[in-house]
Each structure stands twice: as structure tokens, then as C-alpha cells.
Amino acid sequence: MSRRVQMNQRLFDLPILRGWGRSIHARRIASEPRAQSTATRFFRNLRQLEVLQGPLAQLADGRAPLRILVAGCSFGCEAYSLASYLAVTFPQLDWTIKAFDISHEAVAIARRAVFGAKHGLADPLASEVRPYAERLFERCGEVWAVVADIRQRVLISHGDLLADDLLADGAFDIVFAQNFLVHMDDATAAEAFARVVSAVKPGGALFVGGMNLNSKAALVRRHGLIPVDWEIEAIHDNDEMRRSAWPWGYWTLEPIDRSQTDFTTRYSTIFRTRGATEA
């Protein structure tokens, strides 16, 4: 975690200042215009993906092909990071990733699959991500290209989540819908949330970091999703891009607060849909 994130967290965790931070953030939510963003980076929250070796291990046990959707994929950083994690951690697993974004420019970059710092790749050989970066990339001069076998399993397309015929109901074991719902107003985010929930198979998983926490908690309850209570605080604090700027933008992420009565629903970013026998 960056020094700035640690400083913000220490400051706004103080009881005397916690309310002040929320007040500033609430004013930002009320006053700042929403704007879609393609800002992203590779290996943004590997801790989150480790749930596939924990509570979600059954989804990656190899008994059936794993089908994953990444909505709002931007330049493809999340989809390719996930692909490298699967390739390293579950080398025998049969998996495919479908990813889409509303930005034609971002989709073109994701399909080209050649990256540098401009499109979310800083130091690909940093110690904690090195095993995944070495599996994912080959060096091409000053940039890095995604290796062919992974590119073939990550299918990138243009798409609008709110288009009527974009998603098939219950088609995916896991759906990622991260870091774009926060840029929508509440009504639009609620419609988009319903679309991604409907795309998850019964008993599947939805990853939904990067959303207004009050709205997310209400929608989780509305759709009967089951929060995954696993490493919530570590995953929350690993979101440096949003944590570092709290509370100065509508898209930022508050310090975790264990006094919240809906702590698990509010701060978890991973949810299960109910199985067929539970519906």
C-alpha cells in the first residue's frame, strides 16, 4: 500500500475525522458530474483473485470449464491479469474469458494486447506480480505483448452493458463488473447491476468492486446475493487507485469501518448467487 494511502487511512480512521471525511465525500457525490473513465492498471488487486483458492475453490476445481465475463474491461488489464492468474495457479483448468467495453478506443487497445505505462502497465517484473507477468508477457522493445496462448482465451469485444441483447441469462460462472458502476448515477447503476447479476449462473460469483458503497449494499440485498466474508479488509485496502484519493472525488473509497452494522455486505467485493436449490 502506498504511503499516501496509509496517511489517508490513518487520518480518516480517527473518530473525530471519520464523519468529516464522509461529509466531504457525500458532497462530491452530490456535486461532481459523472464521467466514464478508462483509468486502470495490471495486477490491480491480486489478493481478490486468491478467493479462487479459498471460498470459491469449487468454481475452479476443473470438473467443468470455467466461463468468465469481464464487463467494462477498459484496456483489458483486468481480463489479462485474471488470465495470467488462472494460467499460473490452475494450469490444467479449462477456462475462457469474454470481456467487453463501451469505448471503441479501449477495445482496440485491449485487442492489440501490447502495453506500456500509458495503458496500465508500470513495472511488470515487480516482485509480487513477477510470476504472473512472466507468464503473461513477452518483451517487445519498450513495450510488452500478451503471449499468444492467453490472447486466444481472452475474447475482447465492443459492447454496451445496457443494450437489450448483450448478455445471456445465467451464462457465466463468474462475472467481473468492477470500477465502472461508480461512474453511473444511481438509477443507471441499478439497471447495470441487475444485468450483471442476471448473467451469473446459480451458485456462481459476482466481483463488484468500484461502486458507491451505499448503493451496492442496497442492491446486494435487493438481488438476494450472498457476501463472501473472506479477507475483506485486505482486499479493500489493496484498492490503492481509489483509496489514495479519499475523500476528494466521488469515485474514491472510504477507510474501512468495522462499526458499520452491514460491514460484510458493505465492504465485500465478492458475492455468490444462490444455487438452484436455494432459489
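Check the entry above for the structure.
About the cut-offs
- Residues numbered from 1 in each chain as written.
- Predicted model: local features only at pLDDT ≥ 70, side-chain atom pairs only at ≥ 80, totals over all residues.
- Heavy atoms only, no water.
- Helix = DSSP H or I, 4+ residues; strand = E, 2+ residues; numbered from the N terminus.
- Rg over C-alpha atoms; globule rule 2.2 N^0.38 Å.
- Buried < 20%, exposed > 50% of the residue type's maximum accessible area, 1.4 Å probe, protein only.
- Contact = heavy atoms within 4.5 Å.
- Areas by Shrake-Rupley, 256 points an atom, 1.4 Å probe, with all protein chains shown as cover.
- Pairing = 2+ DSSP bridges.
- Polar contact = N/O pair within 3.5 Å; in protein donor to acceptor, adjacent residues only side chain to side chain.
- Core = buried A, V, L, I, M, F, W, Y, C linked by side-chain atoms within 4.5 Å.
- Expected span 1.5 Å × (residues − 1).
- Arc of directions from axis to C-beta.
- Phe/Tyr/Trp six-rings, centres within 6.5 Å; stacked < 30°, edge-to-face > 60°.

To continue, consider the overall build of the chain. Each helix and strand counted, the chain has twelve helices and ten strands in total. Taken over C-alpha atoms, the radius of gyration comes to 18 Å for the chain, in line with the 19 Å a tight globule of 279 residues would show. Projecting the C-alpha coordinates of the chain onto the three principal axes gives extents of approximately 55 × 50 × 35 Å. In the chain, buried positions account for 52% of the 279 residues. For the chain, restricting intrachain contacts to residue pairs at least 6 apart in sequence, the fraction spanning at least 24 positions comes to 80%. Taken as a whole, the chain presents about 12,900 Å² of accessible surface, with 51% of it coming from carbon and sulfur.

This part takes up the sheet that holds strand 5 (residues 143-146). Strand order in the open sheet formed by three strands is 3-5-4, with antiparallel pairing between adjacent strands. Taken across any chain shown, the strands that pair with only one partner, and hence form the sheet edges, are strand 3 (114-115) and strand 4 (137-140). Two strands pair when backbone bridges link them, and strand 4 and strand 5 are joined in this way by four bridges, in the antiparallel orientation. Pairing of cysteine 140 across the sheet is with valine 143, part of strand 5.

Attention now moves to the side chain of aspartate 173. Residue placement: aspartate 173 occurs in strand 7 (residues 172-177). Within the structure, aspartate 173 has its side chain in polar contact with the side chain of lysine 201 (distance 3.4 Å). Residues in contact with aspartate 173, not counting those within four places in the same chain, are Leu59, Pro65, Leu66, Arg67, Val200, Lys201, Gly204 and Ala205.

Moving on, we come to the nonpolar core. Of all hydrophobic cores here, the largest spans 53 residues; its most connected members are Tyr80, Leu86, Ile97, Phe115 and Phe137. Setting aside chain neighbours within four positions, we find isoleucine 97 in contact with Ile68, Val70, Ala79, Leu82, Ala83, Leu86, Arg153, Val154 and Leu155. Counting residues in hydrophobic clusters, the runner-up holds 26 residues, among them Leu181, Met184, Ala199 and Phe271.

Here the focus is helix 2 (residues 15-31). Residues spaced three or four apart along an α-helix point in a common direction, a consequence of the helix completing one turn every 3.6 residues. Taking 1.5 Å per residue, 17 residues should reach 24 Å; helix 2 reaches 25 Å between its end C-alpha atoms and fits that length. Restricting attention to buried positions, one finds in helix 2 the residues Leu17, Gly21, Ile24 and His25. Buried residues of helix 2 fall within an arc of 95° about the axis and therefore sit on the same side. Opposite the buried face of helix 2, at more than 90 degrees from it, the exposed residues are Pro15, Ile16 and Ala30.

Moving on, we come to the packing of aromatic side chains. Aromatic rings considered in pairs are described by the distance between their centres and by the relative angle of their planes. Per the stated rule, a full pass over the model turns up ten aromatic pairs. On the numbers, 6.5 Å between centres and 80° between planes, the contact of tryptophan 20 with tryptophan 248 is edge-to-face. With tryptophan 20 in helix 2 and tryptophan 248 in the loop between helix 11 (240-243) and helix 12 (263-267), the pair connects residues that are 228 residues apart, well separated along the chain. Classification of tryptophan 20 by relative accessible area gives partly exposed; the value is 43%. For tryptophan 248, a relative accessible area of 43% corresponds to the partly exposed category. Residues phenylalanine 42 and phenylalanine 43 carry aromatic rings whose centres are separated by 5.9 Å and whose planes lie at 50° to one another, so their mutual orientation is tilted.

The topology assignment puts threonine 264 in helix 12. Residues threonine 264 and glutamate 233, spaced 31 residues apart in sequence, show a C-alpha to C-alpha distance of 9.8 Å.

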